[in-house]
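# Report on the structure
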Amino acid sequence: MASLIIKEGVQAVDATAGNGYDTVFLAEKVGPEGHVYSFDVQQEAIDNTYNRLKHKNLHKRVTLLQKSHEYLKQHVPDRVAVIMYNLGYLPGGDRRITTKYDTTIKSIKQALALLLPGGIISIVLYPGHREGAEEKERIIPFCRQLDPNCYDVLNSRLVNKDQPPPELVIIQKRTR
Ligand SMILES: C[S@@+](CC[C@H](N)C(=O)[O-])C[C@H]1O[C@@H](n2cnc3c(N)ncnc32)[C@H](O)[C@@H]1O
């Protein structure tokens, strides 16, 4: 869905840089005239993301911030077309450093204000671990109460898995 929304020249945010796959995806899509702001609290994630970007010569399109995404509005100056959250912990990293529902919701509130009409926030939730289950318990009701005149909200999940599977939430700001 993000592929359909992002046009060359727009601004985008990766709220959880991790190993940099989503940041690279966004940097490729926004093109040379666009820009991406990419947040992560861990030095390891910022380094991994920088290296992945540099390898593809995309690093100049991205501002990397070793900051919590709860400070989104302090660091993103313009309105943006896409904001991505891939929640949880760094794959292959320290599982104790994980996103948490209170700071995630604080960030999503700011993301809603930064979003351009027609723009989307995508959130991947991982309820298979404790903090991820808490995030799901808080974030789904938060999204459900968003004003339907302002936002369309989609929630999808795999239904043929035993373990709590990842879930996707897409919030789109309505154009009118
Ligand atoms: C599942 S990983 C993200 C994967 C990433 N999008 C990718 O493409 O590789 C989740 C990341 O969120 C980061 N994180 C945890 N709390 C955070 C916070 N408050 N603000 C920003 N990032 C946070 C973790 O350090 C971890 O690297």
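For the structure, see preceding data.
What this report covers is the structure whose coordinates are included nearby. (Residues numbered from 1 in each chain as written. Predicted model: local features only at pLDDT ≥ 70, side-chain atom pairs only at ≥ 80, totals over all residues. Heavy atoms only, no water.)

## A short note on the overall build of the chain
If you tally the helices and strands in the chain, you get six helices and seven strands. For 176 residues, the compact-globule estimate of 2.2 N^0.38 gives 16 Å, and the C-alpha radius of gyration of the chain, at 15 Å, lies within 12% of that figure. Seen along its three principal axes, the alpha-carbon backbone of the chain occupies a region of about 45 × 40 × 30 Å. Considering the chain as a whole, with its 176 residues, one finds that 49% of them fall into the buried category. Contacts in the chain between residues far apart in sequence, at least 24 positions, make up 71% of those at least 6 positions apart. (Helix = DSSP H or I, 4+ residues; strand = E, 2+ residues; numbered from the N terminus. Rg over C-alpha atoms; globule rule 2.2 N^0.38 Å. Buried < 20%, exposed > 50% of the residue type's maximum accessible area, 1.4 Å probe, protein only. Contact = heavy atoms within 4.5 Å.)

## Some remarks on the pattern of salt bridges
Tallied over the full model, the rule gives eight salt bridges. When the shortest N-O distance is used, the salt bridge between R157 and E167 registers 4.0 Å. Here R157, found in strand β6 (residues 151-157), pairs with E167, found in strand β7 (residues 167-173); they are ten residues apart in sequence, far enough to count as distant. On the basis of relative accessible area, R157 is assigned to the exposed category, the value being 53%. By sharing partners, the salt bridges in this structure join R130, E131 and E134 into a single network. (Salt bridge = Lys/Arg side-chain N within 4 Å of Asp/Glu carboxyl O.)

## Considerations on helix α2 (residues 21-30)
Those residues of α2 lying buried are T23, V24, L26, A27 and V30. On an axial view of α2, the arc spanned by its buried residues comes to 165 degrees, and they lie on one face. Taken together, the buried residues of α2 touch β1 (11-14), β2 (35-39), α3 (43-55), β3 (62-65) and β4 (80-86). Two residues or fewer past α2, G31 is found with a positive phi of approximately 75 degrees. (Arc of directions from axis to C-beta.)

## Observations regarding the packing of aromatic side chains
Tallied over the entire structure, the rule returns zero aromatic pairs. Looking at R52, its charged tip hangs above the ring of Y21, at a distance of 3.9 Å from the centre. (Phe/Tyr/Trp six-rings, centres within 6.5 Å; stacked < 30°, edge-to-face > 60°. Lys NZ or Arg CZ within 6 Å of the ring centre and 35° of its normal.)

## So, unusual backbone geometry
In the Ramachandran plot, N57 falls in the positive-phi region, its phi being about 55 degrees despite a non-glycine side chain. Relative to the elements of secondary structure, N57 occurs in the loop between α3 and β3. With relative accessibility at 58%, the residue N57 sits in the exposed group.

## As for the sheet that holds β2
Sheet strands pair by backbone hydrogen bonding; their relative direction is either parallel or antiparallel. With mixed pairing, seven strands are arranged side by side in an open sheet as β3-β2-β1-β4-β5-β7-β6. Lying at the two open borders of the sheet, with one neighbouring strand each, are β3 and β6. On average, adjacent strands in this sheet sit at an angle of 10 degrees to one another, irrespective of strand direction. The pairing of β1 with β4 spans three bridges and is parallel. Residue V13 lies in a different strand from β4, and its bridge partner there is I83. (Pairing = 2+ DSSP bridges. Axes fitted to C-alpha atoms, helices over the stretch in contact; angles between N-to-C directions.)

## Describing the site of the ligand
Close to the ligand lie 22 residues, the nearest being T16, N19, D22, D40 and Q42. At a separation of 2.7 Å, a nitrogen atom of the ligand approaches a polar side-chain atom of D22. Within the contact set of the ligand, an oxygen atom lies 2.8 Å away from a side-chain nitrogen or oxygen of Q42. Per-class residue counts for the shell around the ligand are eight nonpolar, eleven polar and three charged. (Near = heavy atom within 4 Å. Polar contact = N/O pair within 3.5 Å; in protein donor to acceptor, adjacent residues only side chain to side chain. Nonpolar A, V, L, I, M, F, W, Y, C, P; charged D, E, K, R; others polar.)

## Things to note about the packing of α2 against α3
The contact between α2 and α3 brings their axes to 9 Å, and the two run at 40 degrees. For the element pair α2 and α3, the recorded crossing hand is right-handed. Residue-level contacts link Y21, T23, V24 and A27 of α2 to T49, R52 and L53 of α3. For the contact of α2 with α3, the residue count by class is four nonpolar, two polar and one charged. (Left-handed = near helix turned anticlockwise from the far one by under 90°.)

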